[in-house]
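# An overview of the molecular structure
Below, each chain spelled out in residue letters.
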Amino acid sequence: RDHVPLDYEFLPKVLKFREAEQQHFATCIKPLLAGRNGRNLFVCGAPGIGKTAACRWVLRDLEEETSEVVPIYINCWKNNSSFKILTEICNLLGVRFIVNKKTPELFEEVKKVLNKKAAALVLDEVDKLEDFDLIYMFLEDIYRKSLFLITNYKETMEKVDERIMSRFNPEFLEFKPYNAAETKGILAERMKFAFV
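A brief look at the structure comes next.

Reading the values: rules and limits
Residues numbered from 1 in each chain as written. Predicted model: local features only at pLDDT ≥ 70, side-chain atom pairs only at ≥ 80, totals over all residues. Heavy atoms only, no water. Helix = DSSP H or I, 4+ residues; strand = E, 2+ residues; numbered from the N terminus. Rg over C-alpha atoms; globule rule 2.2 N^0.38 Å. Buried < 20%, exposed > 50% of the residue type's maximum accessible area, 1.4 Å probe, protein only. Contact = heavy atoms within 4.5 Å. Areas by Shrake-Rupley, 256 points an atom, 1.4 Å probe, with all protein chains shown as cover. Lys, Arg positive; Asp, Glu negative; His and termini not counted. Charge placed at Lys NZ, Arg CZ, Asp CG, Glu CD. Pairing = 2+ DSSP bridges. Axes fitted to C-alpha atoms, helices over the stretch in contact; angles between N-to-C directions. Left-handed = near helix turned anticlockwise from the far one by under 90°. Nonpolar A, V, L, I, M, F, W, Y, C, P; charged D, E, K, R; others polar. 1 Å grid on protein atoms, 1.4 Å probe; cavity = no way out; pocket = protein on both sides within 12 Å on 5 of 7 lines; lining within 4 Å. Points joined across faces, edges and corners; volume = space filled by probe spheres on them.

## A short note on the overall build of the chain
Each helix and strand counted, the chain has seven helices and five strands in total. Moving toward the C terminus, one meets the helices and strands of the chain in the order α-β-α-β-α-α-β-α-β-α-β-α. The C-alpha atoms of the chain give a radius of gyration of 17 Å, which matches the 16 Å a tight globule of 196 residues would have. Across its three principal axes, the chain shows a C-alpha extent of roughly 55 × 35 × 35 Å. Per-residue burial for the chain yields a buried fraction of 46% across its 196 residues. Excluding contacts between residues fewer than 6 apart, the proportion of contacts in the chain whose partners are at least 24 apart in sequence is 76%. About 11,100 Å² of surface is accessible on the chain, with carbon and sulfur atoms providing 53% of the total. Once the 30 positive and 30 negative side-chain charges of the chain are each reduced to a mean point, those two points are 3 Å apart.

This is the structure in structure tokens:
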């Protein structure tokens, strides 16, 4: 009937067995909708257990609900430096004429756009970052934001400078692996979507 639900990237409307985690993401973003600063989140758990999917689902929902909060998702495996991340954010925000600009100039462009609204910033695979300076810049210079750092490794936080951690002050969310019954439930749902 439909091959899309069998794809690794498929995002169903409700992510089975991750409702509590999705709710946690949404709760952290909620203050942004009321004109306040959001809450920050450090997310960890083994690969392939729904961290990225749950977060992207909440960002997609946010995008449909309001234009006052800008959802930004960056995969740090692909964009592992401040320069690459800022270039990607400029592209997502539609900022033009960024060729030959250096990292601080790109950040100024991003700051101009994001400080007019609020931002839900997600850095996925954050353990692949070359340095964490950009996180400090986001925390210091973007007025209203929620910053989510997603990683497979809990130890990633130990690499982050204390000054950044004191400003980041995150809540922690650990994703537990799916058990056999949950995996079976997910596959059963995919089968209903995919096959006659």
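## Here's the deal with the sheet that holds strand 1 (residues 41-44)
Adjacent strands of a sheet form backbone hydrogen bonds with each other and so pair up, either parallel or antiparallel. Ordered in space as 2-3-4-1-5, the five strands form an open sheet in which the pairing is parallel. Strands with a single pairing partner mark the edges of an open sheet, and in this sheet they are strand 2 (69-75) and strand 5 (171-174). Strand-to-strand, the axes of this sheet are offset by a mean angle of 15 degrees, without reference to chain direction. In this structure, strand 1 lies alongside strand 4 (residues 145-151), joined through four bridges in parallel fashion. Bridge pairing in strand 4 links V43 to I150. Across the face of the sheet, helix 1 (residues 19-33) comes into contact with strand 1, strand 2, strand 3 (118-124), strand 4 and strand 5 while running at roughly 155 degrees to strand 4.

## Re the packing of helix 3 (residues 82-93) against helix 4 (residues 103-114)
Here helix 3 crosses helix 4 at 35 degrees, and the two axes come no closer than 9 Å. The interaxial crossing formed by helix 3 with helix 4 has left-handed handedness. Side by side, helix 3 and helix 4 meet where S82, F83, L86, T87, I89, C90 and L93 of the first sit next to T103, L106, F107, E109, V110, V113 and L114 of the second. In the contact of helix 3 with helix 4, the residues fall into ten nonpolar, three polar and one charged.

## Topic: the layout of surface pockets
Looking at the largest pocket, its volume works out to about 1,300 Å³. Along its surface, the largest pocket is lined by 46 residues, and E9, L11, T52, A53 and R56 are the ones closest to its centre. Broken down by secondary-structure element, the contributors of at least two residues to the lining of the largest pocket are helix 2 (51-65), strand 2, helix 3, strand 4 and helix 7 (180-194). Residues belonging to the lining of the largest pocket are distributed by class as follows: 23 nonpolar, ten polar and 13 charged. Considering only enclosed or pocket space, the second largest pocket measures out at about 230 Å³ in volume. Counting only elements with at least two residues in the lining of the second largest pocket, the list comes to helix 1 and helix 2. Looking at the lining of the second largest pocket, the element that brings in the most residues is helix 1, giving seven residues. Partitioned by chemical class, the residues of the lining of the second largest pocket number seven nonpolar, two polar and four charged.

## Observations concerning the pairing of strand 1
Of the two faces of strand 1, the one lined by L41 and V43 and the one lined by F42 and C44 are each fully buried. Two strands pair when backbone bridges link them, and strand 1 and strand 5 are joined in this way by four bridges, in the parallel orientation. Within the sheet, the bridge partner assigned to L41 lies in strand 5 and is E171.

Worth remembering: the numbers are spatial, not functional.
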